[in-house]
Amino acid sequence: MRSQITPFSILLLLLSLIGTTGCGQSSDTEVSEPPLPVASAEKIAIPADNSLPLKDYLVAGIPAHDRNWTGSDMEQAADALSEIAKQNAGQLPRYQSLQSGKLFDRIIAADNLDQYQNQNSPIEVRVHEAIILMQSSNRILVLYATAFADQKVGDSEMIEMIGTTLRLSAAIVQLLDEFLPTLDENDPTYSVRMESLDNMRKNLATVVIANLKVPTESHLYRTSELKRLIGYMQDTYPVILPALPEASRTEALQRLRTLIEDPEMQPLQPELKSLLTAVEKSPEQPEAAQQN
């Protein structure tokens, strides 16, 4: 039976809504909920790697993998991958694939975010470009989630795509922390922008709570992949959690502690404990930013 609400659909909701933050622009990204596999992960073999040689992706219009991508590059990749997936979703790039692994690595690469930390570039430009990157990554996430449901890609690809979403969310939080002090309280759009920031924090809270459910989904993901996801949470939650509304941050910490105490989580307990330590050390959000 397919669940009606999944971590994927909530992540997609954030990616759609986050386009309204920071620059007063709304997103026209359509939010759709990809289905999930119906069988137990123990009964699902890792799908065969039917991805293409790197040169074929170039011919299809995907930017070169051997350089950092901008938001526009990710948008171009999303367009081309959508066409490939229409024909055969099994031809999407795969994690650690001899055929296409280098391209998959570029899609999820953390250094795609380096440009947004360059303070020599105007903050408005960086926020706008980051939103394009996030919306385009959203489209690619949909492709992989749908392919995962059809058993054309495996749990490794999904874990990496979720991890990428977490990194993008953390980057957006950092950009908005930098952008917020530049806003003029006398600007007619100020209240609208602040409301958008408040909505973003609430949606981030939903993402965090949803992601804390993923480690319990051993019927969908192998333990090795869940351990890697928790590592991505440890890298990003110290940035994301301080941006949450106070009650939601408390809820997230409590849910994490509950996971650690759950006997069924024993294989993941070392990683979960490290995650708890990391987020407990993250600073509280300044009171002025806690706009509940």
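Refer to the structure above for everything that follows.
Residues numbered from 1 in each chain as written. Predicted model: local features only at pLDDT ≥ 70, side-chain atom pairs only at ≥ 80, totals over all residues. Heavy atoms only, no water.

Turning our attention to the nonpolar core. If you look at the biggest cluster of nonpolar residues, it comprises 81 residues, and the most contacted ones within it are Ile62, Tyr144, Tyr221 and Tyr237. Secondary-structure elements contributing two or more residues to this core are α3 (71–87), α4 (101–108), α5 (123–149), α6 (155–179), α7 (190–211), α8 (223–240), α9 (246–261) and α10 (269–280). If you count residues domain by domain, this core takes at least three from each of domain 1 (47–181) and domain 2 (183–283). (Core = buried A, V, L, I, M, F, W, Y, C linked by side-chain atoms within 4.5 Å. Buried < 20%, exposed > 50% of the residue type's maximum accessible area, 1.4 Å probe, protein only. Helix = DSSP H or I, 4+ residues; strand = E, 2+ residues; numbered from the N terminus. Domains from an automatic or database assignment.)

As a further point, take the packing of α6 against α7. Remark: α6 packs on α7, axes separated minimally by 12 Å, with the N-to-C direction vectors making an angle of 150°. For the element pair α6 / α7, the angle class is roughly antiparallel. By crossing handedness, the relation of α6 to α7 is classed as left-handed. Here Ile162, Leu166, Ser169, Ile172, Val173, Leu176 and Phe179 of α6 lie close against α7, whose contacting residues are Arg193, Leu197, Met200, Leu204, Val207 and Asn211. Of the residues contributing to the contact of α6 with α7, the split by class is ten nonpolar, two polar and one charged. (Axes fitted to C-alpha atoms, helices over the stretch in contact; angles between N-to-C directions. Parallel < 35°, antiparallel > 145°, perpendicular 65-115°, else oblique. Left-handed = near helix turned anticlockwise from the far one by under 90°. Contact = heavy atoms within 4.5 Å. Nonpolar A, V, L, I, M, F, W, Y, C, P; charged D, E, K, R; others polar.)

Our next topic: the packing of α4 against α6. As a packed pair, α4 and α6 sit with axes 9 Å apart at the nearest point and diverge in direction by 30°. When the axis of α4 is compared with that of α6, the two are roughly parallel. Contacts between α4 and α6 involve Phe104, Ile107 and Ile108 on the former and, on the latter, Glu157, Glu160, Met161, Thr164 and Arg167. Within the contact of α4 with α6, the residues separate by chemical class into four nonpolar, one polar and three charged.

What follows concerns the packing of aromatic side chains. Considering all chains together, one arrives at three aromatic pairs under this definition. Between the aromatic rings of tyrosine 95 and phenylalanine 104, the centroid separation amounts to 6.1 Å while the plane-to-plane angle is 70°, which identifies the pairing as edge-to-face. Phenylalanine 104 carries the same exposure label as tyrosine 95, and that label is buried. For the ring pair phenylalanine 148 and tyrosine 221, a centre distance of 5.9 Å and an interplane angle of 20° mean the geometry is stacked. One end of the pair, phenylalanine 148, is in helix α5; the other, tyrosine 221, is in the loop between α7 and α8, and 73 residues separate them in sequence. An identical accessibility class is assigned to phenylalanine 148 and tyrosine 221; each is buried. Three or more aromatic residues joined by ring pairs form one cluster here, namely Tyr95, Phe104 and Tyr144. The ring of tyrosine 232 carries the charged tip of arginine 167 above its face, separated from the ring centre by 5.2 Å. (Phe/Tyr/Trp six-rings, centres within 6.5 Å; stacked < 30°, edge-to-face > 60°. Lys NZ or Arg CZ within 6 Å of the ring centre and 35° of its normal.)

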